[in-house]
Amino acid sequence: MSATSTAALLEGETGAWELVVGLEVHVELQTATKMWCGCSTDFGGPANTNVCPVCTGQPGALPVANEQAVADAALLGLALGCDIAEVCRFHRKNYFYPDLAKNYQISQYDVPLCHDGRLDLDVTTDEGEQVTRRVGIERLHMEEDTGKSLHVGESGRLHGAEKSLIDYNRCGIPLLEIVSDPDIRDPETAQAYLRELQAIVRTLGVSDARMEEGSIRCDANVSVRRPGEELGTRCEIKNLNSVRSLGRAVRYEARRQIDVLEAGGEIVMETRHWDEGRGVTETLRRKESVTDYRYFPDPDLVEIHSSRAWVEQLRARLPELPAASRARLQQAGLSAEQAATIVAGGLLALHDEAVAAGAEPVAVANWCTGEVTGQLSSAALTPAEAGLTGAHVAELVALIDDGTLSTKLAKDVLAGVIEERGAVPPAEVAEQRGLQQVSDEGELQGIVDEVVAANPETVEAIRGGNDKAIGALVGQVMKATRGQADPKKTNELLRAAIEA
Amino acid sequence: MSLSPDEVRHVAGLARLALTDEEVAELAPQLSSILDYAEQVGEVAAEDVPASTHPFPLANVLRPDEPRPSLSREDVLAGAPEVEQDRFAVPRIVAEEG
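Calculation rules
- Residue positions are given per chain, counted from 1 along the sequence in the order it is written.
- Just so you know, chain letters begin at A and ligand numbers begin at 1, following the order they were written in.
- Local features in this predicted model are restricted to residues whose pLDDT is 70 or higher, and side-chain atom pairs enter the listing and the counts only when it is 80 or higher, whereas totals over whole chains, interfaces and linings include all residues.
- Helical segments are the DSSP runs of H or I of at least four residues, strand segments are the runs of E of at least two, and each set is numbered from the N terminus.
- Backbone-placed C-beta atoms define the burial measure: a residue is buried with 20 or more other C-beta atoms within 10 Å of its own, exposed with 12 or fewer, and partly exposed in between.
- Pairs of strands are assigned from DSSP output, requiring at least two bridges between the strands.
- Boundaries between domains were set according to an automatic or database domain assignment.
- Remark: residues whose backbone-derived C-beta atoms lie within 7 Å of one another are considered to be in contact.
- Three residue categories are used. Nonpolar comprises Ala, Val, Leu, Ile, Met, Phe, Trp, Tyr, Cys and Pro, charged comprises Asp, Glu, Lys and Arg, and polar comprises the others, including Gly.

Draft legend 1. Region of the structure containing the overall build of chain A. The helix and strand inventory of chain A stands at 16 helices and 18 strands. With the C-alpha coordinates of chain A rotated into their principal frame, the extents come out at 95 × 60 × 55 Å. Counting every position in chain A, which comprises 500 residues, the buried fraction comes to 42%.

Here it is as structure tokens:
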């Protein structure tokens, strides 16, 4: 459960401090229906249209667990190396807040579905050293999401709002909470943990795990202590909207706590709000003690019994996980960075398809991590949405290899394929749009001769030893061919013409 | 088992109930007697009897992940004390739990 390599300590006025972080991550599942009722989970629809007596807690309405959500939860648990509880149950967590109409959230308390897992992370330290850190997973449990509140009033923010408007569409959507052990010792590992969890969740296809849309959310429990001492009092940091804010907030909070302690003060156990704009954490509320939630087993729901056979069936369904994919790509000759970009960027299927279609892995990777990523992200499309397949990428690489396309032209062809949403393959796009490279010597020779004849001064300069000046002539040939001249051949023909 | 007035006030506070001292005095023995009644279970519960939350030997009551019609928005909002922008309008939320 401990890190395999010790993290750097933080220096204070009075000596060294150790940072201790545990993360609580919530993942919204992308099932078709909610956790306890058949309401649709569609995102972004008109307010209060995916709502029924169960998700608003009307008297007599009975919740029934979503089979798919339970399977998804267990699958993620297995991917995190967890044990699946043979018997688990649901509890009511009682609190009053208008985004939960029942006045309790159905969650899991004493026996979660999954427990005792771990996540191994490759982290680059401040010194640029590559280390592997293991973070234990204490538990993964099932619960339900809450409704969305809109705060209206002067500022539009919670603070100073006059009233709150509630939309219960999200209320009851299956939510998983994954609680790590307090094994994290530096902000980089916290960020790596969140990124890896996101990649695993996406690989399993159980959630799109988009932080900006709230389908994955992260709270950080942060404390500091003198090396080797007992755990210090922790603060829970909320409102972390990106992997970057997680790193910034943890760094800020550690420094704040060290300053308080070194000034002779005490850390109060509380929830703090990360203010992204100002880069600070602020007191949100003092923490209620656990008993105040009055957890008790939900009498409307029965236990979940997980048979060994069911667990093994799920385990057999586990796809190749991100760490294994990265290792495989690196073995094929890709750099660690390229492998990470392809796996985290959702480009693995595209890459594998292209390689299966006969293309060379590193060439495919260069395209996937460069131009493909760039064009897809500026169009805000996934490969599937763009209609882009591995066969297209393989074809592009082949067209460059056989000289039909220059790298520059291939970029234009890729843009064309994406524009056509994959309906027209690269070779056809190149032909239709006249994007093939001009490497026909006869055609090029004519253009080269014209350029040489029209620029006697430049030609003289080159003959006089100013070799760099040839670039200007190449540029003119490119211009005349709208960028389609084969650069290598152009160079050869120009030199021959100048020397003649 | 007898509940102290402070315990009654604490429980009432969690349930967002404001009680007068007279009500606390009246409710304390009533709540105590309910607890006493429930405590009879302790007389038969033994180490070898596992805790249970249901009288029925049921497990894995699950539902396929298939959408069913929701209520109409009119029905959903019918019971709202106040409606604004098709949402339930409530007094501004004070920071408590999210």
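Draft legend 2. Molecular detail of the pairing of strand S2 (residues 15-28) of chain A. Residue and element names in this part refer to chain A. Both strand S1 (residues 10-12) and S2 contribute to a ladder of three bridges, which runs antiparallel. Bridge assignment links Gly 12 to a residue of S2, and that residue is Gly 15. Linking S1 back to S2 in an antiparallel pair, the connection comprises two residues. As paired strands, S2 and strand S13 (residues 216-225) are joined by ten bridges and run antiparallel to one another. Paired with Val 25 across the two strands is Cys 218, which belongs to S13. Bridge count between S2 and strand S12 (residues 174-180): five bridges; the pairing is antiparallel. Within the sheet, the bridge partner assigned to Val 27 lies in S12 and is Leu 176.

Draft legend 3. Structural context of the sheet that holds strand S7 (residues 104-107) of chain A. Ordered in space as S7-S6-S17 (chain A), the three strands form an open sheet in which the pairing is antiparallel. Pairing within the sheet leaves two strands with one partner each, and these edge strands are S7 and strand S17 (296-297) of chain A.

Draft legend 4. Structural view of the domain arrangement of chain A. Annotation of chain A at the domain level lists domain 1 (24-220 + 285-313), domain 2 (320-432) and domain 3 (441-499). A straight line from the C-alpha centre of domain 1 of chain A to that of domain 3 of chain A covers 64 Å.

Draft legend 5. A look at the interface of chain B and chain A. Of the residues lining the interface, 34 residues belong to chain B; the matching set on chain A comes to 46 residues. Among the secondary structure elements, those contributing two or more residues to the side of chain B that touches chain A are strand S1 (62-63), helix H4 (73-78) and strand S3 (87-91) of chain B. The dominant element in the side of chain B that touches chain A, judged by the number of residues it contributes, is S3(B), at five residues. Tallied by class, the residues present in the side of chain B that touches chain A amount to 16 nonpolar, six polar and twelve charged.

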